[in-house]
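Spelled out from the first residue to the last, the chains are:
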Amino acid sequence: MNPTTSGTALYGGVTNRRVTVRDLALAKERGERWPMLTAYDALTSRIFDEAGIPVLLVGDSAAMVVFGYESTLPVTIDDMVPLTAAVSRSTKRALVVADLTFGSYQATPEQALASAARLVKEGGAQAVKLEGGRRVTPQVEALVSAGIPVMGHIGLTPQSVNAFGGYRVQGRGHEAGATLLSEAKELERAGAFSVVLECVPARLAAEITEHLTIPTIGIGAGPSTDAQVLVWQDMAGLTPRVAKFVKTYADLTGSLSEAARSFADEVVTGAFPDEQHSYS
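Computed from a predicted structure; not experimentally measured.

1. Let's talk about the layout of surface pockets
The rolling of a water-molecule-sized probe over the atoms marks out the regions of remaining empty space. Estimated volume of the second largest pocket: approximately 260 Å³. Every residue lining the second largest pocket is counted, 14 residues in all, and those nearest its centre are Q228, V229, L230, K247 and Y249. Counted by class, the lining of the second largest pocket contains nine nonpolar, four polar and one charged residues.

This is how it looks when you write it as C-alpha cells:
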C-alpha cells in the first residue's frame, strides 16, 4: 500500500473527522511518515489544517514567537488556554496537541492532571505534550489513566535549558545515548502515544525509532524518525535566527516587509484609498 495515495493517509488522505492517536499508531505500522507544525492562532491554523497537516502543536514556543520572551520558561497555562482554543476552533481535521508549560506539571501527577484538564476542557486540545523522561513517567501514567493522550519529549528539552547550560545536542556518546533510549522506552511503557526527539544525533534517533512501537517525531534528529516537526515561523522564514536543523520554505519576512512598505507608500502619496476602495 502506498500511504501517499491511501484514503487513510495522515497527509494527503481524505477524511471527514479528526486525526486520532490511533491513526498515528497505524501510520507507524505501515511506515508512513508525516509532518507536524506548531500553531498558535485561528488564521494560520486554518491554513495548515486545509493544507493537510495532520498534527498541530500549540507549543510553549509561543513564549518566543507570540509573547516575545527569550525562552519558553515564562509562558503559563493561562497563556496557553486561549491559544489552544483558537487552534481547536479553527481546525476540523488536525489532531491538536498542547504543551504543558514549565512549572505546570513537574511537582506532582495531580498538578499535571489539573493543568492538562484545562488545556482539554477549556482549550479543546485532543492531547498534551510534556518534557522529560523517567522523572515524568508518573505524570504520564496519571494523565493516560484519566483519558488524556500524552506526547513525550526528550533530548534537548527547552524547559531545562538552564540545567543543560544552553541549547546543546543531547545523547552524544554511548552512555548518554543509552540513557535516552531507556527514557524513550519508559515513556512508551507509561502510555505515551508518541515522543519528540529534539537535537539528538541522527543515528541515535534512528535506533530509538526502531526500538519503539509508538511514533517518534524529530526536530533536529535526522531523517529516520516517523515524523518531523518545525516551528511554523521558522519554516516560513519569519524568525531572524534559526537552528541548523531548520529549513525555510518561504520568505514571509520579505513578503510582509514589501507589503507593509507598499501600503505605507500609497498612504503617503494618497494613492490609497482610491475610488475602488471607497464607499459612495
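2. Focus on unusual backbone geometry
Outside of glycine, negative phi angles account for most residues, and trans bonds account for most peptide bonds. With an omega of 0°, the peptide bond running from F272 to P273 counts as cis. Here P273 shows up in the segment after α11 (252-269). In this structure, C199 is a non-glycine residue whose phi angle is positive, near 50°. Relative to the helices and strands, C199 resides in the loop between β6 (194-198) and α9 (202-211). C199 sits in the buried class, given a relative accessible area of 13%.

3. A few points about the UniProt feature "binding site: Mg(2+)" (unreviewed entry) in the protein
The UniProt feature table records "binding site: Mg(2+)" (unreviewed entry) at D60, D99 and E131. Taking the farthest pair of C-alpha atoms as the criterion, the annotated set spanning 72 residues converges on one region, since that pair is 10.9 Å apart. Take D60: it is sitting in the loop between β2 (55-58) and α3 (62-65). When residues no more than four places from it in sequence are discounted, the contact partners of D60 are T72, V75, M80, D99, L100, E131 and Q159. Position of D99 relative to the elements: it lies in strand β3 (residues 95-99). A polar contact is formed between the side chain of D99 and the backbone nitrogen of D60, at a distance of 2.8 Å.

4. Topic: the nonpolar core
The biggest cluster of nonpolar side chains holds 53 residues, and the ones touching the most others in it are L100 and L143. Among all residues touching L100, those that are not within four sequence positions of it are D60, I77, Y105, A112, S115, A116, L119, V128, K129, L130, L143 and Q159. V19, V55, F193 and V196 belong to the second largest nonpolar core, which has 18 residues in total.

5. Quick look at helix α5 (residues 109-121)
In this model α5 runs 18 Å from its N-terminal to its C-terminal C-alpha over 13 residues, within 8% of the 18 Å that 1.5 Å per residue would give. Among the residues making up α5, those that are buried are A112, S115, A116 and L119. One face of α5 carries all of its buried residues, which in axial projection span an arc of 95°. Exposed residues on α5 whose side chains face more than 90 degrees from its buried face are E110 and K121. Residues of α5 that are buried sit in contact with α4 (77-89), β3, β4 (127-129) and α6 (137-145).

6. Re the domain arrangement of the protein
As assigned here, the protein comprises domain 1 (21-249) and domain 2 (254-279). Of note, the centres of domain 1 and domain 2, computed from C-alpha atoms alone, are 40 Å apart.

7. Side note on the packing of aromatic side chains
For the structure on display, the rule yields two aromatic pairs. Relative to W232, the ring of F48 has its centre 5.8 Å away and its plane inclined at 65°; by these criteria the two rings are edge-to-face. Note that F48 is positioned in helix α2 (residues 42-50) and W232 in helix α10 (residues 232-235), a separation of 184 residues in sequence. For the residue pair F48 and W232, the accessibility class agrees, reading buried in each case. Here the aromatic rings of F263 and F272 are separated by 6.1 Å at their centres, their planes lie at 65°, and the arrangement is edge-to-face.

8. A closer look at the pattern of salt bridges
Evaluation of the coordinates by the stated rule reveals eight salt bridges. In this structure, K28 engages D226 in a salt bridge whose closest nitrogen and oxygen atoms are separated by 2.8 Å. One end of the pair, K28, is in helix α1 (residues 21-29); the other, D226, is in the loop between β7 (216-219) and β8 (227-230), and 198 residues separate them in sequence. Each member of the pair, K28 as well as D226, is classed as buried. The partner of D99 in a salt bridge is K129, with the nearest N and O atoms 2.8 Å apart. With D99 in strand β3 and K129 in strand β4, this pair connects stretches of sequence that are 30 residues apart. With relative accessibility at 2%, the residue D99 sits in the buried group. Each of D78, R118 and E122 takes part in salt bridges that share partners, so that together they form one network.

Conventions used here
- Residues numbered from 1 in each chain as written.
- Predicted model: local features only at pLDDT ≥ 70, side-chain atom pairs only at ≥ 80, totals over all residues.
- Heavy atoms only, no water.
- 1 Å grid on protein atoms, 1.4 Å probe; cavity = no way out; pocket = protein on both sides within 12 Å on 5 of 7 lines; lining within 4 Å.
- Points joined across faces, edges and corners; volume = space filled by probe spheres on them.
- Nonpolar A, V, L, I, M, F, W, Y, C, P; charged D, E, K, R; others polar.
- Helix = DSSP H or I, 4+ residues; strand = E, 2+ residues; numbered from the N terminus.
- Buried < 20%, exposed > 50% of the residue type's maximum accessible area, 1.4 Å probe, protein only.
- UniProt positions renumbered as here; feature names shortened; annotations may be inferred.
- Contact = heavy atoms within 4.5 Å.
- Polar contact = N/O pair within 3.5 Å; in protein donor to acceptor, adjacent residues only side chain to side chain.
- Core = buried A, V, L, I, M, F, W, Y, C linked by side-chain atoms within 4.5 Å.
- Expected span 1.5 Å × (residues − 1).
- Arc of directions from axis to C-beta.
- Domains from an automatic or database assignment.
- Phe/Tyr/Trp six-rings, centres within 6.5 Å; stacked < 30°, edge-to-face > 60°.
- Salt bridge = Lys/Arg side-chain N within 4 Å of Asp/Glu carboxyl O.

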